[in-house]
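Take a look at the letters that make up each chain.
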Amino acid sequence: MQGVLNLDAIRAEFPALAQDFVFLDNAGGSQVLGRVADRVRDYLLNTSVQLGASYAVSQAASERVLEARRSVAQLINAAHDEEVVMAGATTLLMHLLTTAIAPSIRPGDEIIVTETDHESNVGGWMRLQAQGAVVKLWPVSRETLELDLATLDTLLSPRTRWVAMTHASNVLGTVNPVAEVARRVHAVGGKLAVDGVAYAPHRLVDVQASGADVYVFSFYKVFGPHYAVLWGRRELLLGLPSLNHFFIGPEVLPYKLQPGNVNFELSYGCIGIADYLQHVGCTLGAAGTPRQQMQAAFDAFAAHEDALAEQLLGWLHERKGVRIIGRPRVQQADRMPTISFVVAGQRSEDIVRAVDAHRIGIRFGDFYARRLADALDLHAHGGVVRVSMAHYNTAQEIDRLIRALDQAIH
């Protein structure tokens with residue numbers, strides 16, 4: 001049926017899924033596509049040379065790395081492939097970005113960060129206080145567990161330079177209205193930096209539609225290698241100083257923000273992500289452009305993941321003593337299949353370790369959203385229990401998890 005995933009074919013794309021283990025820690029890191037690993041191996045064994053030389057293999061290697069940048073640009077809908085900056089992780093990319101921004105910060109400039117973000121999109125901005133920046137915290141509502149736009153309005157001012165927020169919380173699972181936030185931030189002359197790490201595995205990223213000025217996420221959460229991408233509007237990136245060698249000028253994008261250059265083989269491996277998404281879209285009957293094919297794939301992913309999330313949320317909702325940390329049900333695709341909860345009278349670690357014995361991978365902790373854990377007093381439980389699903393998980397696996405949780409929760 002058009003729009004319905006063939007899970008046998010999907011799972012065959014991920015070699016790790018052949019083992020008798022249930023992977024439900026996908027927000028920490030997804031499983032890797034075979035076609036990604038094949039590209040990494042191919043690059044290392046056939047074109048592992050320095051770029052930019054005159055000989056044929058170097059020319060081929062250079063084209064492969066450029067092809068990877070173009071593929072990522074298409075994946076995220078960047079207007080120019082020069083806007084694609086890649087490095088080892090989202091945390092590193094945000095550190096590079098805020099380091100490049102630092103010389104432009106003046107005493108009294110205001111930066112807003114949220115109470116729900118992973119620290120990767122907080123820490124770098126906090127360090128700009130050394131330049132005289134005033135950092136304001138956008139708190140989460142203790143009642144709704146939402147980032148209220150009315151609260152943001154009270155924080156914005158003509159001195160707002162940057163707002164940093166997550167597209168989807170890696171603990172709450174909530175999808176935030178980043179385009180509306182961008183409109184409000186731009187109205188006061190500020191810029192928006194969006195962490196899409198918890199969003200990109202579940203929805204097709206469109207950096208232009210997001211309204212953001214900077215958008216960042218990690219490929220190892222999106223079925224690829226341990227690598228990451230930062231997109232920024234071309235005019236913004238051109239205005240930043242070079243972080244590379246003194247002879248790499250500020251006009252040299254994206255190299256000026258990639259000290260030591262990209263990882264060649266991991267960049268080339270990332271092409272496999274877009275290849276896979278287009279392939280899935282085609283099998284679902286999608287025609288048109290590559291992005292239309294990828295959109296069809298993500299639409300099917302979202303429908304499947306929503307059903308899995310509802311399967312677990314429905315059970316948790318009926319379980320005595322369980323407190324779901326985030327929206328209690330899925331409504332109109334408004335949450336990711338990342339589900340966190342705590343249980344009255346039990347430590348989260350004890351629950352997770354009991355589930356470990358069933359060969360099911362879930363996780364406990366604050367997931368580097370330390371400020372959120374503090375705000376909601378989640379440390380009293382040792383953090384949350386987090387179950388994070390991906391489109392390759394099955395209803396049978398969620399049933400298996402529920403049986404394990406039924407024994408672990410008392």
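Residues numbered from 1 in each chain as written. Predicted model: local features only at pLDDT ≥ 70, side-chain atom pairs only at ≥ 80, totals over all residues. Heavy atoms only, no water.

1. Quick word on the overall build of the protein
Assigned secondary structure in the protein consists of 15 helices and 13 strands. Taking 2.2 N^0.38 as the reference for a compact globule, 410 residues should give roughly 22 Å; the C-alpha atoms of the protein span a radius of gyration of 21 Å, in line with that estimate. Here the C-alpha coordinates of the protein stretch approximately 65 × 50 × 35 Å along the principal axes. Taking all 410 residues of the protein together, 59% fall into the buried category. Here the analysis covers contacts within the protein between residues at least 6 apart in sequence; of these, 67% occur between residues at least 24 apart. As displayed, the protein offers around 16400 Å² of accessible surface, 52% of which is attributable to carbon and sulfur atoms. Each charge class in the protein can be summarised by its mean position, and for the 37 positive and 43 negative side chains these summaries are 3 Å apart. (Helix = DSSP H or I, 4+ residues; strand = E, 2+ residues; numbered from the N terminus. Rg over C-alpha atoms; globule rule 2.2 N^0.38 Å. Buried < 20%, exposed > 50% of the residue type's maximum accessible area, 1.4 Å probe, protein only. Contact = heavy atoms within 4.5 Å. Areas by Shrake-Rupley, 256 points an atom, 1.4 Å probe, with all protein chains shown as cover. Lys, Arg positive; Asp, Glu negative; His and termini not counted. Charge placed at Lys NZ, Arg CZ, Asp CG, Glu CD.)

2. Digging into the sheet that holds strand S2 (residues 84–87)
Ordered in space as S2-S8-S7-S6-S5-S3-S4, the 7 strands form an open sheet in which the pairing is mixed. Two strands close off the open sheet at either side, each with one partner strand: S2 and strand S4 (134–138). Strand after strand, the sheet turns through a mean of 15° between neighbouring axes, direction not considered. With 5 bridges connecting them, strand S3 (residues 110–114) and S4 associate as parallel partners. Residue pairing across strands places Glu110 opposite Val134, the latter belonging to S4. In this fold helix H7 (residues 178–187) packs onto S4, strand S5 (160–166) and strand S6 (191–195), with an angle of close to 155° to the strand it touches most, S6. (Pairing = 2+ DSSP bridges. Axes fitted to C-alpha atoms, helices over the stretch in contact; angles between N-to-C directions.)

3. Details of the UniProt feature "domain: Aminotransferase class V" (unreviewed entry) in the protein
Here the UniProt-annotated "domain: Aminotransferase class V" (unreviewed entry) positions come out as residues 22–401. The span residues 22–401 is 39% helical and 15% strand by assignment, and the distance between its end C-alpha atoms comes to 8 Å. (UniProt positions renumbered as here; feature names shortened; annotations may be inferred.)

4. Comments concerning the side chain of Gln293
Counting through the fold element by element, Gln293 comes out in helix H12 (residues 290–318). In this structure Gln293 comes out as buried when scored by relative accessible area, which is 12%. Among the polar contacts listed, one links the side chain of Gln293 to the backbone oxygen of Gly288, at a separation of 3.5 Å. Excluding anything up to four places from it in sequence, Gln293 contacts Leu277, Gln278, Gly281, Cys282, Ala286, Ala287 and Gly288. (Polar contact = N/O pair within 3.5 Å; in protein donor to acceptor, adjacent residues only side chain to side chain.)

5. Focus on the environment of Ala133
Tracing the backbone shows Ala133 in the loop between helix H5 (123–127) and S4. A residue is classified by how much of its surface remains accessible, and Ala133, at 7% relative accessible area, is buried. Put simply, Ala133 and Thr160 are 27 residues apart on the chain and 9.9 Å apart in space, counted from C-alpha to C-alpha.

6. Details of the side chain of His202
In this fold, His202 is placed in the loop between S6 and helix H8 (207–210). By relative accessible area, His202 is classed as buried at 5%. Within the structure, the side chain of His202 is placed 3.0 Å from the side chain of Glu305, a separation counted as a polar contact. Apart from residues no more than four positions distant in its own chain, His202 is found in contact with Phe298, Ala302, Glu305, Met336, Pro337, Thr338 and Met389.

7. Here we look at the pattern of salt bridges
Summed over all chains, the structure comprises 26 salt bridges. Note that Asp20 is salt-bridged to Arg400, the shortest N-O span being 3.1 Å. On the criterion of sequence distance, the pair formed by Asp20 in the loop between helix H1 (7–12) and strand S1 (22–23) and Arg400 in helix H15 (residues 395–408) is long-range, its members being 380 residues apart. Arg400 gets classed as partly exposed once you look at its relative accessible area, which sits at 23%. Look at the salt bridges and you will find they share partners, linking Asp153, Glu180, Arg183 and Arg184 into a network. (Salt bridge = Lys/Arg side-chain N within 4 Å of Asp/Glu carboxyl O.)

8. Overview of the packing of aromatic side chains
To describe a pair of aromatic rings, one takes the distance between the centres and the angle between the planes. Taken as a whole and judged by the stated rule, the model has 14 aromatic pairs. Measuring from ring centre to ring centre gives 5.9 Å for Tyr43 and Tyr268, while their planes differ by 50°; the resulting arrangement is tilted. Highlighted residues: Tyr43 in helix H2 (residues 34–46) and Tyr268 in helix H10 (residues 264–269), separated in sequence by 225 residues. Note on accessibility: Tyr43 and Tyr268 belong to one class, buried. One aromatic cluster is present, formed by Phe14, Phe223, Tyr276, Phe298, Phe301 and Tyr392 through successive ring pairs. Lying over the aromatic face of Tyr268, Arg39 brings its terminal NZ or CZ to 5.0 Å of the ring centre. Geometry around Phe367 places Arg386 over its ring, the cationic atom sitting 3.8 Å from the centre. (Phe/Tyr/Trp six-rings, centres within 6.5 Å; stacked < 30°, edge-to-face > 60°. Lys NZ or Arg CZ within 6 Å of the ring centre and 35° of its normal.)

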